[in-house]
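Residue-level structure breakdown
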Amino acid sequence: FWLNSGKIHRGVEVGSVSLGGKTPAEARQIVRDQVMGPLKEIDFDGPAHFTREAGEMGVSFNIDRTVDKAYAVGREGNILDRLSERLRASFGGATVAPDIDYRPERARGEVREIASRVNHLPREASVTINGPEVEVTPSRDGYELNLAATMASVGNAIDDMSGKARLMGDVLDPGIITSEAEAAANKARGVLSEPLVLEAEGKSWNLSSADLGSVLDVTKQDGKIDVILNRDHLDGRLTDLYNDLTVKPVEASYDFDSDGDIFVKPSHEGRSVEGEKLLDSIQGGIFEGKREYQVPITVAKPH
């Protein structure tokens, strides 16, 4: 009794920290620094790092009551009870749980606030064609915090006195990933790498890379991205070619001159571009690297 007067019995621990042989005043300082210290803050690890003060998480420490429980080991009950506790403490260790008040509803509010900062929808990769330039916007994973699992991690961080919790959640995959968009972009770049040459009647017409960029469409369907030819836009780009090659047929006729004589106006054949056939040809070859095309011409005979 004299050796242990005013001191915590040897072998008594709070958590994993030994308080044996310490006075209550010394024990309070040790509990404050070593036992409760890691719980002054709750550190969250995961897709981002957050730190919250213990008070913000609804955690408060009862240091005096914790030390009182440690000091009471071997000092309560009859003589046999006291001796039994002292022997158990000396040889096997007597662990006293720290006295902590924890209000999960307060912590849940903080975890929800963290969720509002880390949750985000996935972003699909996309391809943009501006004239001769092709740009890819990369995809980004989304994230959704699992509130229940994260709260369980907070509870474990308090129980094991580590103060280390983890943000638990699910990664949300984008529908279209960057590699798929890059493949579509490379397909478009292949089309825009050289001008398109159209030939007929000894003449030629060129569609520049900028012209070709305006006739390509980027499509998304069923989680797939592709680059296709917009036939209507291409048809509009061929207006000059159509105008140059289209000639209306002239019907033969006759007329009277100023002397009353009859003269014949001869007929002339006309011609027109087979537009759909030309578009089919370009659509079938442009993505295969074909750069030159003969314009199909139809002769229009006069009646």
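A brief look at the structure comes next. (Residues numbered from 1 in each chain as written. Predicted model: local features only at pLDDT ≥ 70, side-chain atom pairs only at ≥ 80, totals over all residues. Heavy atoms only, no water.)

This brings us to helix 5 (residues 147–159). The terminal C-alpha atoms of helix 5 lie 18 Å apart, and with 13 residues this matches the ideal 18 Å at 1.5 Å per residue to within 8%. The set of residues buried in helix 5 consists of Thr150, Met151, Ser153, Val154, Gly155, Ala157 and Ile158. On its buried side, helix 5 packs onto strand 3 (41–45), strand 5 (59–61), strand 7 (100–102), helix 4 (104–118), strand 10 (142–145) and strand 11 (164–166). Between the side-chain oxygen at the start of helix 5 and the backbone nitrogen of Ala148 there is a gap of 3.2 Å, and the oxygen is on Asn146. Positive phi appears at Met161, one or two residues downstream of helix 5, with a value of about 65 degrees. (Helix = DSSP H or I, 4+ residues; strand = E, 2+ residues; numbered from the N terminus. Expected span 1.5 Å × (residues − 1). Buried < 20%, exposed > 50% of the residue type's maximum accessible area, 1.4 Å probe, protein only. Contact = heavy atoms within 4.5 Å. Polar contact = N/O pair within 3.5 Å; in protein donor to acceptor, adjacent residues only side chain to side chain.)

Turning next to the environment of Gly289. With respect to the helices and strands, Gly289 occurs in the loop between helix 10 (275–285) and strand 20 (292–294). We classify Gly289 as partly exposed; its relative accessible area is 46%. Each C-alpha atom of the pair Gly289 and Leu192 lies 10.0 Å from the other, and the pair is 97 residues apart in sequence.

Notably, Met161 is not glycine yet its phi reads approximately 65 degrees, a positive angle. Positionally, Met161 belongs in the loop between helix 5 and strand 11. Phi at Glu201 is positive, roughly 55 degrees, even though this residue is not glycine. For Glu201, the position within the fold is in the loop between strand 13 (196–200) and strand 14 (203–207).

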